[in-house]
Amino acid sequence: MKENNKFVSDSDTKTEWEEWQQSQNRCIDEEKLMQQYKNRQSNASGQRFEKEILAGCKLYRERGIAQIDKTPEPFRVSKKGKNGVFTGRFHAPAQPDFQGTLYGGRSVVFEAKRTTKDRIMRSALTDTQMDALEKHDSLGALCGVCVNIRDDFFFVPWKVWRDMKTLYGRQYLKAEDLTKHQVSYDGAVHFLDRY
């Protein structure tokens, strides 16, 4: 085979093929690395948001308003390694992130979700979490979703979250939809501002 006035051997074609495969693998590896980086960023951001909610919980506890705790993840250690490293797995679907009691005896149960985008999707909650919120709500608990959309914070009542399709005609909420549910933030999320 002749290409640009030179002969191309089978070994040249094989070399080009191998170089192409390596470039594809690099692209895949770069995509994987980029996704891992985004996942780590998102995880760190979510953990920071939970710490800001915990700061609010501490504030309410100190003022005698509520005792609210973070719900532990249903995680089981399967193998212990050296230096505190372990292998484990989730053994049950996740429950809502926070549960507790308000002064006077009413339960409070809520999920925490944040996004850097301009909207929060209804699908951010699992079916298990939505089912738990529905059951607690039907028994009289204060239920909702504590939401951080970019720089704004909200406590969305469960029924608003559950019925967003009926109320807003779509399966997501924007900050401008939630102005009456906005709560203050000063390093701690004051999620009970309106209750």
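About the criteria used
Residues numbered from 1 in each chain as written. Predicted model: local features only at pLDDT ≥ 70, side-chain atom pairs only at ≥ 80, totals over all residues. Heavy atoms only, no water. Phe/Tyr/Trp six-rings, centres within 6.5 Å; stacked < 30°, edge-to-face > 60°. Helix = DSSP H or I, 4+ residues; strand = E, 2+ residues; numbered from the N terminus. Buried < 20%, exposed > 50% of the residue type's maximum accessible area, 1.4 Å probe, protein only. Salt bridge = Lys/Arg side-chain N within 4 Å of Asp/Glu carboxyl O. Expected span 1.5 Å × (residues − 1). Arc of directions from axis to C-beta.

Undergrad: Before we move on, could you go through the packing of aromatic side chains and cite the residues and values that matter?
TA: If you walk through the whole model with that rule in mind, you get eight aromatic pairs. Seen from their ring centres, Phe 49 and Phe 153 are 6.1 Å apart, and the 35° between their planes marks the pair as tilted. Of this pair, Phe 49 sits in helix α1 (residues 10-62) while Phe 153 sits in strand β10 (residues 152-157); the two residues are 104 residues apart in sequence, bridging distant segments of the chain. The exposure class assigned to Phe 49 is buried, which follows from its relative accessible area of 2%. Ring geometry for Phe 155 versus Tyr 195: centroids 5.6 Å apart, planes at 75°, classification edge-to-face. You can see Phe 155 sitting in strand β10 and its partner Tyr 195 sitting in the segment after β11 (172-174), a full 40 residues away along the chain. What makes Tyr 195 partly exposed here is its relative accessible area of 47%. Three or more aromatic residues joined by ring pairs form one cluster here, namely Tyr 60, Phe 98, Phe 110, Phe 155, Phe 191 and Tyr 195.

Undergrad: Hey, could you go over the pattern of salt bridges for me, with residue numbers and the actual values?
TA: Per the stated rule, a full pass over the model turns up twelve salt bridges. In this structure, Asp 118 and Lys 174 form a salt bridge, with 3.4 Å as the shortest nitrogen-oxygen distance. One end of the pair, Asp 118, is in the loop between β7 (107-115) and β8 (119-121); the other, Lys 174, is in strand β11, and 56 residues separate them in sequence. Three or more residues joined by partner-sharing salt bridges are found here, namely Glu 50, Lys 70 and Asp 97.

Undergrad: Can you lay out helix α2 (residues 127-138) for me, pointing to particular residues and giving the numbers?
TA: Taking 1.5 Å per residue, twelve residues should reach 16 Å; α2 reaches 16 Å between its end C-alpha atoms and fits that length. Burial in α2 covers these residues: Gln 129, Met 130, Ala 132, Leu 133 and Asp 137. Angular distribution of buried residues about the axis of α2 spans 160°; they occupy a single face of the element. Facing away from the buried surface of α2 by more than 90 degrees, the exposed residues are Asp 127 and Ser 138. Gly 140 lies just past α2 and shows a positive phi near 100°.

Keep in mind these numbers describe shape, not what the thing actually does.
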